[in-house]
Amino acid sequence: MAEQRKAWGWGLASIDAAGNTLDVWYPKAQLGEAPAEADRPNHGFGALVHEGPDLRGVRRLPVFTESNLDEPIESTADAYLRLHLMSMRLAKPNTLNLDGIFAKLNNVVWTNYGPFAVEDFTQRRLDVMAAGAQSGMPGMRADVNVLSIDKFPRMLDYVVPSGVRIGDGDRVRLGAYLSEGTTVMHAGFVNFNAGTLGTCMIEGRVSQGVVVGDGSDVGGGASIMGTLSGGGKLRNSIGEHSLLGANAGIGISLGDNCVVEAGLYVTAGTKIEVFDREKAAAGVDLDVVKGADLSGKNNILFIRNSLTGAIQARPRKSGIELNDALHKN
């Protein structure tokens, strides 16, 4: 039996009045076997620790977390550690066991003051706003701005990876894996357990479980069917130097050096003509296959024939080239 992979780290947990863990921040995470208690480093959170509840009704306590990465998730702290590992580039998407993650994460009201519990949010919000209004401190913000209600927070509130640009932090979830050289434009979106494996341009949606290879471009408004958006257990991907055109989509994987023209959606069941120049010139019917038959194949241009309306797969000799200056992040 293969040795199971493990990870560990000190985290700072936010715990609500009911004892539920709202989030855990790990400034540093480590792969491997956790040290014995006597050999563990100090958590180093200092004044950030608050034994008693603040006006949000939240306590901030250090937690030491050990995770068996090949087993289902055991706790909220374990879930957050695994999400951190991916955003810290210590584990690539689809390499960790994430079974049970939704059950272990709580719905949280994410605000400019940090996480709140959903159940008593209205009263806690009033308490925070009243304290801010009465402080008399110049520039003190009394407003509590709700950013979202979700199980997953924004990645940038926990992990800021090097060598990337992100136009809108709300659109990249904790657990996203972004390689150096990646640019996520303002309309781009990257879910947890998804991301890029090299220099990439992300202007569309990269769904859970999806990875995009080096030198590839996901165009504006484009989408890739993931395991949470109709893809079931199928994990789609995009290879290297490929382009998913604006407002296009795929329910299959693209190999290297592929292009899907703008506005075209190719699924596993899509009927596709395999273009052959000699057959076309002779007026012979082209072979027709399903999209699934071309999934992951290299050097293909997917287009819709503007005369017949048929979706066709045509050969390509080379891949796309991204703007080097644009991706020197």
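As the structure is a computational prediction, the values presented were derived from the model and not from experiment. (Residues numbered from 1 in each chain as written. Predicted model: local features only at pLDDT ≥ 70, side-chain atom pairs only at ≥ 80, totals over all residues. Heavy atoms only, no water.)

A. Region of interest: the domain arrangement of the chain. Each assigned domain of the chain is listed with its residue range as follows: domain 1 (6-35 + 47-150) and domain 2 (155-326). Using C-alpha coordinates to define each centre, domain 1 is positioned 33 Å away from domain 2. Every contact between the two is made by 19 residues of domain 1 and, on the other side, 23 residues of domain 2. Surface buried jointly by domain 1 and domain 2 totals about 1800 Å² across both partners, of which 59% is contributed by carbon and sulfur atoms. Three residues, Ser87, Arg89 and Asn94, lead the burial of domain 1 against domain 2; their summed loss comes to 39% of the area buried on that side. On inspection of domain 1 and its partner domain 2, the count reaches two salt bridges. (Domains from an automatic or database assignment. Contact = heavy atoms within 4.5 Å. Buried area = accessible area lost by both parts, 1.4 Å probe. Salt bridge = Lys/Arg side-chain N within 4 Å of Asp/Glu carboxyl O.)

B. Summary view of the pattern of salt bridges. Counted under the stated rule, the structure contains eleven salt bridges. In this structure, Arg40 and Glu66 form a salt bridge, with 3.5 Å as the shortest nitrogen-oxygen distance. Of this pair, Arg40 sits in the loop between strand 3 (30-31) and strand 4 (59-68) while Glu66 is found in strand 4, placing the two residues 26 residues apart along the sequence. Exposure remark for Glu66: the relative accessible area of 47% places this residue in the partly exposed category. (Helix = DSSP H or I, 4+ residues; strand = E, 2+ residues; numbered from the N terminus. Buried < 20%, exposed > 50% of the residue type's maximum accessible area, 1.4 Å probe, protein only.)

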